[in-house]
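Structure assessment
Residues per chain are reported as follows:
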Amino acid sequence: MAVPDPAERIEQLRTEIEYHNERYFLEDEPEISDAEFDAFMRELRELEAAHPELVTPDSPTQSPGGVAAATFAPVPHDVPMLSLDNAFAREELLAWHDRIVKIVPGPIEFVGEPKLDGLAISLLYEQGRFTRAATRGDGVTGEDVTPNVATIASVPKRLSGADLPERLEVRGEVFMPLQAFEDLNRRQGEAGDRLFANPRNAAAGSLRQKDARITASRALDFFAYQLGVQRGGPKLRSHHETLVWLASLGIPVNPHIEQLSDVDALYSFCDRTLEHRHLFGYEIDGAVVKVDDLAQRAEMGTTSRAPRWAIAYKFPPEEKTTILLGIFVSIGRTGRATPFAQLEPVFVGGSTVGLATLHNQDEVARKDVRPGDTVIVRKAGDVIPEVVGPVLAKRKRGARKWVFPKNCPACGAPLVRLVGESDHHCVNVECPEQRVQRICYFAGRGAMDIEGLGEERVRQFVDAGLLSDVADIYSLTVARLLPLERMAQKSAENLVQAIESSKTRGLARVLVGLNIRHLGPTAAQAVARVTGDLAVIEKTSEEELTAIDGVGPVIAQSVQQFFSVKDNRTVVAKLRKAGVDLTAPRVAPVAGGPLDSLTFVLTGGLATFTRESAQAAIEELGGKVTSSVSKKTSYVVAGENPGSKLAKAESLGVTILDEEGFQALLKDGRS
Ligand code: IVH
């Protein structure tokens, strides 16, 4: 078998990466670990380095990543909420110090603060009353999360003291203490719900709840570290004075903040904070050092991204050693067999780690980790833990190299690795584990979103012979469910009701749920909008599919292949028979409209439109929305946190519209 063509592999990787980006950022439900994602990125980077002619501006390697989502009402910040520049080593701290003394000669004093690993928040107090809370968003516009922040006990609802300012905007960090995080995950586990990967994700997820009662149950905490806007109240000269004053009003300020008089004190603060990082009771991922004197700060100024008067000294990722109890293989919904490490549980980077992915056969070989080894486990600030490698000095005599199993642990079918691929797959489409995973995916949040049909239930129903494919879900009735263990009348009724409501999710969701390789939510949406009916897709050729904007040859081939399999067509027929809506409103371009023959690409979040409403507005006037930028694109509409599409538009000279420009164009088109 031939090694895949690099151009083809690059396209595959980009499609895969885009898909997982959407799962992570839009669906809030990553399907692979960060490390696996990084492995895709690494492979793509390496291939692009070897073939620079294949690098395109919209490649995921060329952008910072992230997909904008707009869920809450927008709040424009009076003063931008900036980020911080980072220093990863002592020399970088020193370089920062050298830079600022060049701007402001003369003695500079500092304040050192732990860098809390949560999310930035702006609190507004008017006449001493808490009136609004907003997230940082893109720094210019945040999201209104007032009802949620109001549930945080340590955020005062009224300020105390005599000289209260008329208006006071305080900035700080919302975070989840470690104990609260452990409790929450225990509760999530008991209820069969998703576990949060770390306290920061848990804090972010808790603040983004539409129902503030859920936030209220999550034990979040808050420390202020900065003043936004102040109207009235005392004249403040230094940061430290500001913090002392905020504390006097009843606003929580971190007690571990210190005044530092010179650069040596600054180093020692960073070292001490690193040394004590586990004693805080909440996660910190560094130390922040800030110039104390506010007049000096003003002289130093800010860049568009971060102030020059502060720097974050980021801690290295945390590493611990533990015992590798065994290496096992898990089977995913596509049959992919992923080796993972079972570890003697170890507390690292803010949570207890018992499992870590090992990605694939080559990774295990590269790391040469063997069952029984003492291994180093690393957890960077974010998410998934990684096995770095063995501590060879502690390797037991006779420790055997791990061999990739020849057979699927679930069904015994061969595990096959194709030439040119890094993964093994279980070749048996009937494999019970693949079936469970496929059904879970169909019922999951990104697809049919059937509440109450999680992995445990799916497994139970498959074992009981009630489910063998996704369409069987619609044959579940209260009477069929009731005889099962742990199934009360009420839960059976609720589940059947949830299944019933999922029938109207529409074609795009069904397509996602069918688990067609490479077909992510955006491409599924494009296929659904153009074809309007699953019956049409079944008859659409690969060439016709490729002609759909946002559908490349890899996706087209995969869709076509999927529907060429008889069993898949049978499942579709069963879904249709069960009354699942397999249609989508078909979008016929409005010929002769003012935007006729113009193509638009949307990137980033818009304040006054959802993605769907922006698309509908364009199409109503005869324009077309596509997902990738090319020379033929007429306009790129760039909202908050635009993705790589903006850079591509710039490089191709495509006209870029901000939200105002977009609105003006629609208005002109309509008038
Ligand atoms: S000061 C203009 N102080 O770190 C400066 N930020 O990486 C505003 N953070 O967005 C930030 N602890 O969410 C500051 N003691 C601290 C902090 C802190 C955590 C976060 C904050 C910021 C991010 C930048």
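The coordinates are above.
Reference entry: report on the structure contained in this document. Just so it is clear, the model here is predicted, and its values are computed rather than measured.

**Digging into empty space enclosed by the protein**
In the structure shown here, the tally under the stated rule is two cavities of 30 Å³ or more. Residue lining of the second largest cavity: Glu113, Pro114, Leu116, Phe223, Ala224, Tyr225, Asn254 and Ile257, and that is the complete set. Contributing elements (two or more residues each) for the lining of the second largest cavity: β3 (110-116) and β8 (221-231). Class assignment for the residues of the lining of the second largest cavity results in six nonpolar, one polar and one charged.

**Describing the sheet that holds strand β11 (residues 310-314)**
Spatially, the five strands line up as an open sheet ordered β2-β11-β10-β3-β9, and their pairing is mixed. Both outer strands of the open sheet, β2 (86-87) and β9 (258-260), are each paired with one neighbouring strand and no more. Two strands pair when backbone bridges link them, and strand β10 (residues 284-291) and β11 are joined in this way by five bridges, in the antiparallel orientation. In the strand pairing of β11, lysine 290 is matched with alanine 310. Here helix α8 (residues 239-248) sits on the sheet and contacts β3, β9 and β10; the angle it forms with β3, its principal contact strand, is near 55°.

**A closer look at the site of the ligand**
Around the ligand sit Ser83, Leu84, Glu113, Pro114, Lys115, Leu116, Ala120, Glu173, Tyr225, Val288, Lys290 and Pro307, and that is every residue in its neighbourhood. With respect to the ligand, the backbone of proline 114 contributes an N or O atom lying 3.3 Å from a nitrogen atom. Here the ligand has 530 Å² of accessible area as a free molecule, and 88% of this is covered by the chains. Contributions of two or more residues to the shell around the ligand are made by β3 and β10. For the shell around the ligand, the element with the highest residue contribution is β3, accounting for four residues. Here the shell around the ligand is composed, by residue class, of seven nonpolar, one polar and four charged.

**Description of the sheet that holds strand β21 (residues 635-638)**
Taken together, four strands build an open sheet; the order of strands is β20-β19-β21-β22 and the sheet is parallel. In the strand order of this sheet, the two ends are held by β20 (624-626) and β22 (655-657), each with one partner. Between one strand axis and the next, the sheet turns through 35° on average, direction left out of account. Along the sheet face, helix α22 (residues 611-620) touches β19 (599-603) and β20 and points at about 165° away from the line of β19. Of the strands in this sheet, β19, β21 and β22 touch helix α23 (residues 644-652), which is tilted by about 135° from β19.

**Looking at the pattern of salt bridges**
The final tally for this structure, using the stated rule, is 35 salt bridges. The partner of arginine 42 in a salt bridge is glutamate 363, and the shortest N-O contact between them spans 3.7 Å. In this pair, arginine 42 sits in helix α2 (residues 34-50) while glutamate 363 sits in helix α11 (residues 361-367), placing the two residues 321 residues apart along the sequence. Glutamate 363 gets classed as buried once you look at its relative accessible area, which sits at 9%.

Conventions adopted
Residues numbered from 1 in each chain as written. Predicted model: local features only at pLDDT ≥ 70, side-chain atom pairs only at ≥ 80, totals over all residues. Heavy atoms only, no water. 1 Å grid on protein atoms, 1.4 Å probe; cavity = no way out; pocket = protein on both sides within 12 Å on 5 of 7 lines; lining within 4 Å. Points joined across faces, edges and corners; volume = space filled by probe spheres on them. Helix = DSSP H or I, 4+ residues; strand = E, 2+ residues; numbered from the N terminus. Nonpolar A, V, L, I, M, F, W, Y, C, P; charged D, E, K, R; others polar. Pairing = 2+ DSSP bridges. Contact = heavy atoms within 4.5 Å. Axes fitted to C-alpha atoms, helices over the stretch in contact; angles between N-to-C directions. Near = heavy atom within 4 Å. Polar contact = N/O pair within 3.5 Å; in protein donor to acceptor, adjacent residues only side chain to side chain. Areas by Shrake-Rupley, 256 points an atom, 1.4 Å probe, with all protein chains shown as cover. Salt bridge = Lys/Arg side-chain N within 4 Å of Asp/Glu carboxyl O. Buried < 20%, exposed > 50% of the residue type's maximum accessible area, 1.4 Å probe, protein only.

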